[in-house]
Amino acid sequence: MPKFLLSLVFISLTSLMWSQSTQQEKLEERKAQIQKEIRDNEILLKSVSKKEKSAVNVFVIQTTKIKLKEKLINTTEKQTKLLSNDMYINQVQINKLKGQLDVLKEDYSRMIVKSYKSRSEQSRAMFILSSENFLQAYKRVQYMKQYTNYRKLQGEEIKTKTSQLIVYNGKLNVQKTAKQKLVEENEKERLSLLKEKQEQEKLVQTIKKDKSKIAADIKNKQQEARAIDNKIKQLIREAIAEANRKAAMERAMEKAKAMAKAASKVESNEELKTRAKAIVSSEAAVSSSKIELTGESKILADNFRANKGKLPWPVERGVVSSAYGDHPHPVISTLNIHNNGVDITTDQGASARAVFGGVVTSVLVTSPIIKAVVIQHGDFFTVYQNLSSVSVNKGDKVSIKQNLGKIRTNGDGKTIMKFIIMQNTIFNNPASWLFNM
């Protein structure tokens, strides 16, 4: 029973160590991902800082960087905690092995002393010959053999336990070094984070000096954004109405054919079209707010919906500089900002890319130098605004991550794309659709 309990404890400890090892690997992967995001953010921040006349965009990117650094510190702390747990388990094993070795060595030394005292062949022979009968003599011979074998086994067990102890001590030393490294990394990141926050505070003071200018700028931009959003919404309504008219006409054509067949008439294609148009005009007006999904468009919509939370970013690299919905200005809390999508700041020369396969329903020119692309995915629409050039046309079928055009860099050195997701005419929060946003 004790052996069974010891085995159970060993299996439990081994399982716990394996589980913690798996968690450690996941944390290491997450840490590497955060470090990559920080590096990308730093590249972007340097690029923007060189050209940015307004400190607001720099502040937003820097805020993202600070949040990433906080995540990194938190992840490293989790790693350190897991490592401490592993070290505790290893120390328990070391203490257990040391205790077992002490008992084995003590027992073995007693046996050696006893063997030394009765080491002569004569005393062994006398021990056997002094037996009262043959059976007793046989048992004494067997006992001596077992005693010798037991000594050998004890010697082997001492050797095995010593090897195990060396392995566990080696593991513990490696873990101590790794833990020290993690602690040093965290301390370095904490100092870096403190420096980032101090720099950000300076930016805050700079921004607050220009509060009235910033407020006027935001008001103008919000008006422009609303006008563009309304134009895009109107285009999407037209696309919905067109899709529904097409579907209604297809149904009406089938109905017209059935009516002609029932009346045993042979009608030309033009006659069937005329009859179909009459049927459509007699029905209720087609909806411009909701697409009637049929066939391929339904499959596309279902596939798009199934990928919620897994869609790729509409740029290769970037940070969200303005989130979805209503929220206060990042520095001046009294200023309110509304956004029907997300603004993503990226590198100069970056391209927009489709987040899913679909059909281009519109290429909108919002100003002489600014364009937008609208892509339909069943009853979902994705919009890519603030492009300087476009590489697709209305009616084109596009695939996931396909290049749609170059994102415009404005006079202040900002390269920002606005990205919108809509279901029919309802705006959705892109953060719930894009991977790891």
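As the structure is a prediction and not an experimental result, all values here were calculated from the model.

Q: Which residues make up the overall build of the chain, and what values go with them?
A: The secondary structure content of the chain amounts to seven helices and 12 strands. Across the 437 residues in the chain, those meeting the buried criterion constitute 37%. Accessible area for the chain stands at about 25,900 Å²; split by element, carbon and sulfur atoms hold 56% of it.

Q: If you had to explain the packing of aromatic side chains to someone new, which residues and values would you point to?
A: Overall, the coordinates contain five aromatic pairs when judged by the stated rule. Centre to centre, the rings of F304 and F356 are 5.4 Å apart; their planes meet at 90°, and the pair counts as edge-to-face. On the criterion of sequence distance, the pair formed by F304 in helix α7 (residues 295–306) and F356 in the loop between β5 (351–353) and β6 (358–367) is long-range, its members being 52 residues apart. Taken together, the ring pairs in this structure connect F304, F356, F380 and W433 into an aromatic cluster.

Q: Report on helix α6 (residues 269–282), specifying residues and quantitative values.
A: Its 14 residues place the ends of α6 20 Å apart at the C-alpha level, agreeing with the 20 Å of an ideal helix rising 1.5 Å per residue. For α6, the full list of buried residues reads L272, A276 and I279. The buried residues of α6 all sit within an arc of 55° when viewed along its axis, so they share a single face. Within α6, the exposed residues directed more than 90 degrees away from the buried face are E270, T274, K277, S281 and S282.

Q: Can you tell me about the pattern of salt bridges, naming the residues and giving the values?
A: Charged atoms that come close allow side chains of opposite charge to pair. Tallying each qualifying case throughout the model produces seven salt bridges. A salt bridge links E242 to R245; its shortest N-O distance comes to 3.3 Å. In this pair, E242 and R245 both sit in helix α5 (residues 211–262), three residues apart, roughly one turn of the helix. When its relative accessible area of 46% is taken as the criterion, E242 is described as partly exposed. With a shortest N-O distance of 3.8 Å, K397 and E296 are connected by a salt bridge.

Q: How would you sum up the nonpolar core? Please name residues and give values.
A: Across soluble globular proteins, nonpolar side chains have a tendency to be buried as a group. Counting residues in hydrophobic clusters, the biggest one holds 27 residues, and the most contacted among them are I375, Y384, L404, M417 and F419. In this structure, I375 is in contact with A354, G358, V359, V360, F380, F381, T382, Y384, V398 and L404, ignoring residues within four places of it in sequence. Within the second largest apolar cluster, 13 residues are counted, among which are I236, I240, A372 and F381.

Q: For the pairing of strand β4 (residues 342–346), give the residues involved together with the corresponding values.
A: Counting buried positions over the five residues of β4 gives five, a clear majority of the element. A two-sided burial pattern is seen for β4, the buried positions comprising V342, I344 and T346 on one face and D343 and T345 on the other. Here four bridges tie strand β1 (residues 318–322) to β4, and the two strands are oriented antiparallel to one another. Bridge pairing links G318 to T346 in β4.

Q: Break down unusual backbone geometry for me, with residues and values.
A: Phi at N386 takes a positive value of approximately 70°, unusual for a residue other than glycine. When you line up the elements, N386 lands in strand β8 (residues 380–390). Accessibility expressed as a relative area gives 18% for N386, which makes it buried. Despite not being glycine, K401 has its phi angle at roughly 70°, a positive value. Relative to the helices and strands, K401 resides in the loop between β9 (397–398) and β10 (403–407).

Q: Give me the lowdown on the confidence of the model for the chain, citing residues and values where you can.
A: Within the chain, residue pLDDT values average 77, and 72% of them lie at 70 or more. Taking the mean pLDDT of every element in the chain, the minimum, 55, falls on helix α3 (residues 121–129) and the maximum, 97, on β5. Here residues 1–6 is modelled with pLDDT under 50, and outside its nearest four sequence neighbours on either side it reaches one contact, counting other chains as well. Low pLDDT, under 50, characterises residues 48–53; the predicted model gives this stretch 14 contacts beyond four residues in sequence or across chains.

Q: Outline the side chain of Q222, listing residues and values.
A: On the secondary structure map, Q222 appears in helix α5. Here Q222 is in contact with N336, I337 and H338, once residues within four sequence places are set aside.

Q: Lay out the environment of M253 in plain terms, naming residues and giving numbers.
A: Along the polypeptide, M253 turns up in helix α5. When the C-alpha positions of M253 and V280 are compared, they lie 9.5 Å apart, and in sequence the two are 27 residues distant. Among all residues touching M253, those that are not within four sequence positions of it are N269, L272, K273 and A276.

Q: Please set out the pairing of strand β7 (residues 370–377) residue by residue, giving values where relevant.
A: Counting buried positions over the eight residues of β7 gives seven, a clear majority of the element. Bridge count between β6 and β7: seven bridges; the pairing is antiparallel. Across the sheet, V360 pairs through a bridge with I375, a residue of β7. The hairpin formed by β6 and β7 contains two residues between the paired strands. In the sheet, β7 pairs with β8 via seven bridges, with the strands oriented antiparallel. The partner of V374 across the bridge, within β8, is V383. Here β7 hands over to β8 after two residues, with G378 in that stretch at a positive phi of 75°.

Q: Now, about the environment of S322: what can you tell me, with residues and values included?
A: Considering the arrangement of structural elements, one finds S322 in strand β1. You can call S322 buried: its relative accessible area is 11%. Contact partners of S322, with chain neighbours within four places excluded, come to H327, I337, N339, G341, V342 and D343. A polar contact is formed between the side chain of S322 and the side chain of N339, at a distance of 3.2 Å.

Rules behind the numbers
- Residues numbered from 1 in each chain as written.
- Predicted model: local features only at pLDDT ≥ 70, side-chain atom pairs only at ≥ 80, totals over all residues.
- Heavy atoms only, no water.
- Helix = DSSP H or I, 4+ residues; strand = E, 2+ residues; numbered from the N terminus.
- Buried < 20%, exposed > 50% of the residue type's maximum accessible area, 1.4 Å probe, protein only.
- Areas by Shrake-Rupley, 256 points an atom, 1.4 Å probe, with all protein chains shown as cover.
- Phe/Tyr/Trp six-rings, centres within 6.5 Å; stacked < 30°, edge-to-face > 60°.
- Expected span 1.5 Å × (residues − 1).
- Arc of directions from axis to C-beta.
- Salt bridge = Lys/Arg side-chain N within 4 Å of Asp/Glu carboxyl O.
- Core = buried A, V, L, I, M, F, W, Y, C linked by side-chain atoms within 4.5 Å.
- Contact = heavy atoms within 4.5 Å.
- Pairing = 2+ DSSP bridges.
- pLDDT = per-residue confidence, 0-100.
- Polar contact = N/O pair within 3.5 Å; in protein donor to acceptor, adjacent residues only side chain to side chain.

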